[in-house]
Amino acid sequence: MKILITGSNGLLGQNIINQLLKKGGVDFLATSKGTNRNSNLKEEAYHQLDITNQNEVDSIFEFYKPTVVINTAAMTNVDACEEHREQCWNMNVNAVEYLINGCKKNETHLIHLSTDFIFDGESGPYKESDKANPLSYYGESKYQAEVLIQKSGLKNWAIARTIIVYGVVEKMSRSNVVLWAKGALEKGEPINVVDDQFRSPTHGSDLAKGCLLIAEKKANGIFHLSGKEVMSILELVEKIADFYQLDKSIISPIKSLTLNQAAKRPPITGFVLDKAKKELGYNPMSFEEGLALVTKEIKKFE
Ligand SMILES: NC(=O)c1ccc[n+]([C@@H]2O[C@H](COP(=O)([O-])OP(=O)(O)OC[C@H]3O[C@@H](n4cnc5c(N)ncnc54)[C@H](OP(=O)(O)O)[C@@H]3O)[C@@H](O)[C@H]2O)c1
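What counts as what
Residues numbered from 1 in each chain as written. Predicted model: local features only at pLDDT ≥ 70, side-chain atom pairs only at ≥ 80, totals over all residues. Heavy atoms only, no water. Helix = DSSP H or I, 4+ residues; strand = E, 2+ residues; numbered from the N terminus. Polar contact = N/O pair within 3.5 Å; in protein donor to acceptor, adjacent residues only side chain to side chain. Contact = heavy atoms within 4.5 Å. Near = heavy atom within 4 Å. Nonpolar A, V, L, I, M, F, W, Y, C, P; charged D, E, K, R; others polar. Expected span 1.5 Å × (residues − 1). Buried < 20%, exposed > 50% of the residue type's maximum accessible area, 1.4 Å probe, protein only. Axes fitted to C-alpha atoms, helices over the stretch in contact; angles between N-to-C directions. Parallel < 35°, antiparallel > 145°, perpendicular 65-115°, else oblique. Left-handed = near helix turned anticlockwise from the far one by under 90°. Arc of directions from axis to C-beta. Pairing = 2+ DSSP bridges.

Draft legend 1. A look at the side chain of Ser200. Among the structural elements, Ser200 can be located in the loop between strand E9 (198-199) and strand E10 (202-203). Among the polar contacts listed, one links the side chain of Ser200 to the backbone oxygen of Glu229, at a separation of 3.2 Å. Non-local contacts of Ser200, meaning those with residues more than four positions away in its chain, are made with Ile163, Ile164, Ser226, Gly227, Glu229, Val230, Gly270 and Phe271.

Here's what the structure looks like:
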C-alpha cells in the first residue's frame, strides 16, 4: 500500500500522518499547500502540492504512483465558501476531478472527505443512503464532489462524511469549537452559543482511524464517520465547561437566526454509525474521552 495524503497540515491530515508514523511500515507521502508543519515528519516524506493545480496533481501521480489517495484538503470555512464561490468550487469540486483523473489512470483507491452539511438537517441523525439537500454553497460544493466521484467510473472509491472535527495538532491553521469555547471560558469571556443546532462532535484521531480502516480494508462506498453522541452546540459547550470546571453562567443560549451568518446551517444532523461499525470496525470515543485526549494534545503540541 502506498498512501498519498492531501492537506496533511490540517487537523485530519496531521492525525492521519501521526497514526501512520506510530504504526510504522506503511509507505506514504504527505502533501499540503504550505510548507510542512508536522515536526514528526521527515522532509523526504513531504511534498508541497496545491491540488487546484492540475499539472502538480498529474506530476505527483507520475512521481509517487499511489495505490491509495486520502483527500483531506478542502476549503472548509463555510461562510468564506458562501462569499468566495469560485474559489470554493475550484478547491472542493474541480480539484477533486483532477484527483479522480489521476486515480483512474493509476487504478488508485480514492478516499474523499465529505460533510454532514450535504444534508438539510430536517431529519437527522442521517444514514449513508439518506437524501442530500445542501443549504449552503460549501455543502453544495462537497455534495457535487461526491456526485462526481460516484459517476466517475472509478473502480475503487470511498466517501467518508464527518461532522465538527475537534482536537489539537501542531501549528493549526484554524481553531475548532472545543478550543474556542475552552479558551473563551478560561478567560472569563461571556459567549453566545446556539441551542437549535445539533451535531455529533468528532475527535480528529477517530476520523483518521476511520479513514485508515477504509484504506486497509479497501472499502468502497459511502461511510459516516463521526462521534457517537448527538447534542446541541449549547450542550456541547456546557460539557466542555463541566469537563474543565469552568463557569457555565457566562454561556448564553441564542438562536441561529440571530447570528446573521453568510451561510445557512442545517439544524439537526448527527450520523447513524451502524455501517461503519459493522463494515470497518469503526468505534469512536465518547465526547468526554475526546476532551481528555484534547488535554493531552494541548500538553504535547501547544
Ligand atoms: N473540520 C470540520 O469540522 C469538518 C466537518 C465536516 C467535514 N470536514 C471535512 O474534513 C476534511 C478535513 O478537514 P480538516 O478539519 O482537517 O481541515 P483543515 O484543518 O482546514 O485542513 C485543510 C488543509 O487543506 C489544505 N489545503 C488548503 N488548500 C489546499 C490546496 N489548494 N491544495 C492542497 N492542500 C490545501 C490546507 O493546507 P495548508 O495548511 O498547507 O495550506 C489545510 O491545512 C475536509 O474535506 C472537510 O471538508 C471537516
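Let's pick the thread back up.
Draft legend 2. Up close: the site of the ligand. Not every one of the 28 residues close to the ligand is listed here, only the nearest: Asn9, Ser32, Gly34, Asp50 and Tyr138. A distance of 3.5 Å separates a nitrogen atom of the ligand from a polar backbone atom of Leu49. Contact between the ligand and Ile51: a nitrogen atom at 3.0 Å from a main-chain N or O atom of the residue. Among the secondary structure elements, those contributing two or more residues to the shell around the ligand are helix H1 (11-23), strand E5 (109-115) and helix H5 (137-151). Among the elements that make up the shell around the ligand, the one with the highest residue count is E5 (3 residues). Considering only residue class, the shell around the ligand consists of 11 nonpolar, 12 polar and 5 charged.

Draft legend 3. Quick look at H1. In a regular helix each residue adds 1.5 Å, so 13 residues correspond to 18 Å; H1 covers 19 Å between its end C-alpha atoms and thus fits that length. A large share of H1 lies buried, amounting to 10 of its 13 residues. Residues Leu11, Leu12, Gly13, Gln14, Asn15, Ile16, Ile17, Asn18, Gln19 and Leu20 constitute the buried set of H1. In the segment just after H1, Gly24 is the residue with positive phi, at about 75°.

Draft legend 4. Geometry of the packing of helix H8 (residues 233-243) against helix H10 (residues 287-301). Look at H8 against H10: their axes get within 11 Å of each other, and the N-to-C directions meet at 55°. Classified by the interaxial angle, the pair formed by H8 and H10 is oblique. Here H8 runs over H10; the crossing is right-handed. Within the contact between the two elements, H8 uses Leu236, Lys239, Ile240 and Phe243 and H10 uses Phe287, Glu288, Leu291, Ala292 and Thr295. By residue class, the composition of the contact of H8 with H10 is 6 nonpolar, 1 polar and 2 charged.

Draft legend 5. The packing of helix H2 (residues 54-64) against helix H4 (residues 85-106), seen in detail. Put simply, H2 and H4 touch, their axes get as near as 9 Å, and they point 25° apart. Viewed along their axes, H2 and H4 adopt a mutual orientation that is roughly parallel. Helix-helix and strand crossings are classified by hand; for H2 and H4 the assignment is right-handed. For the pair formed by H2 and H4, the contact residues are Gln54, Val57 and Phe61 on the first element and Tyr98, Leu99, Asn101, Gly102, Cys103 and Asn106 on the second. Classifying every residue of the contact of H2 with H4 gives 5 nonpolar, 4 polar and no charged.

Draft legend 6. Geometry of H8. When H8 is considered as a whole, its buried residues turn out to be Ile233, Leu234, Leu236, Val237, Ile240 and Ala241. All buried residues of H8 fall inside an arc of 165° around its axis, so they share one side. Note on H8: the residue one or two positions beyond its end, Gln245, has a positive phi of about 50°.

Draft legend 7. Quick peek at the sheet that holds E5. Overall, parallel pairing links the 7 strands, which are arranged E3-E2-E1-E4-E5-E6-E11 in an open sheet. Since the sheet does not close on itself, it has two edges, and those belong to strand E3 (46-48) and strand E11 (221-224), each with one partner. Averaged over all pairs of adjacent strands, the angle between strand axes in this sheet comes to 20°, irrespective of strand direction. Relative to strand E2 (residues 27-32), strand E1 (residues 2-6) runs parallel, the two being bridged by 4 bridges. In the sheet register, Leu4 faces E2, and the bridge partner there is Leu29. Against the sheet, H5 engages E5, strand E6 (157-162) and E11, with an angle of about 155° to E5.

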